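As a plain string of letters, each chain reads:
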Amino acid sequence: MKLTKNIVLIGLSGSGKTAFSKRLAARYGLPLVDMDSEIVKKAGKSINEIFAEQGEEAFRQMETECARTCGKLTGTIISTGGGVILREENMQALKQNGLVIFMDRLPEDILGEDLSDRPLVADDQRKIYRQREQRYPLYVRYADAIVRNCKAKEDTEAALVDALEKLLAKQSSD
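Here the structure is a predicted model, which is why all the values come from computation and not from measurement.

Asks: Requested: an account of the nonpolar core, with residues and values cited.
Replies: Soluble globular proteins tend to bury their nonpolar side chains together. With 25 residues, the main nonpolar core has Ile10, Met35, Cys70, Val84, Ile85, Met91 and Leu94 as its most contacted residues. At the level of elements, strand E1 (6-10), helix H2 (35-43), helix H3 (47-54), helix H4 (56-71), helix H5 (88-95), strand E4 (98-104) and helix H7 (127-142) are the ones that each hand at least two residues to this core. In terms of residue count, the dominant contributor to this core is H4 (four residues). Not counting residues within four places of it along the chain, the set of residues in contact with methionine 91 comprises Ile10, Val84, Ile85, Val100 and Tyr142.

Asks: A description of the packing of helix H1 (residues 17-28) against helix H8 (residues 153-173) should follow, citing residues and the corresponding values.
Replies: Relative orientation of the contacting elements H1 and H8 amounts to 60 degrees, with a least axis distance of 11 Å. Classed by the angle they form, the pair H1 and H8 counts as oblique. Helix-helix and strand crossings are classified by hand; for H1 and H8 the assignment is right-handed. Of the residues in H8, those in contact with Phe20, Arg23, Leu24, Arg27 and Tyr28 of H1 are Lys153, Thr156, Glu157, Leu160, Val161, Leu164 and Glu165. Taken together, the residues of the contact of H1 with H8 sort by class into six nonpolar, one polar and five charged.

Asks: Which residues make up the pairing of E4, and what are the values?
Replies: Counting buried residues in E4 gives seven out of seven residues, a clear majority hidden from the surface. The two faces of E4 match: Gly98, Val100, Phe102 and Asp104 on one face and Leu99, Ile101 and Met103 on the other face are all buried. Across five bridges, the pairing between E1 and E4 is parallel. From the neighbouring strand, isoleucine 7 faces E4, where its bridge partner is leucine 99. As paired strands, E4 and strand E5 (residues 145-148) are joined by four bridges and run parallel to one another.

Calculation criteria
- Residues numbered from 1 in each chain as written.
- Predicted model: local features only at pLDDT ≥ 70, side-chain atom pairs only at ≥ 80, totals over all residues.
- Heavy atoms only, no water.
- Core = buried A, V, L, I, M, F, W, Y, C linked by side-chain atoms within 4.5 Å.
- Buried < 20%, exposed > 50% of the residue type's maximum accessible area, 1.4 Å probe, protein only.
- Helix = DSSP H or I, 4+ residues; strand = E, 2+ residues; numbered from the N terminus.
- Contact = heavy atoms within 4.5 Å.
- Axes fitted to C-alpha atoms, helices over the stretch in contact; angles between N-to-C directions.
- Parallel < 35°, antiparallel > 145°, perpendicular 65-115°, else oblique.
- Left-handed = near helix turned anticlockwise from the far one by under 90°.
- Nonpolar A, V, L, I, M, F, W, Y, C, P; charged D, E, K, R; others polar.
- Pairing = 2+ DSSP bridges.

Rendered as structure tokens:
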């Protein structure tokens, strides 16, 4: 597949962005950038350590720099952190050359996942409900497509591929 745009996955922590971005990259033979992994690599410390030592604002600034870099890529699958949508400049950078897919997964389906490496919900996983309430309008606002991540990975992947192919068909007809 020859892509001129990036495919950007957004959604809550635990929504499946990382797992499904890997599946898409493998399926289409495209490069993959996981923004959180890039931030960890550049900072030389875990996201939990960044939050603990430097605070959320420092992490968000690193995330913005990463979004700017990713926005300049072409034909890449990009997995974002759950809070990337909190700064409009992040989404402008990612949308300049990207098709954005919101991986929508309900908090009750996320609960029970290992969220220990997610600093904003690690101490109380129920915070994921408040995050969804606060962030859902932003995810919808920035999404070019919404894919519901249900229990069956195969069904979710099929819905994701279908949404992506519709977006690509629409892009080529514009």
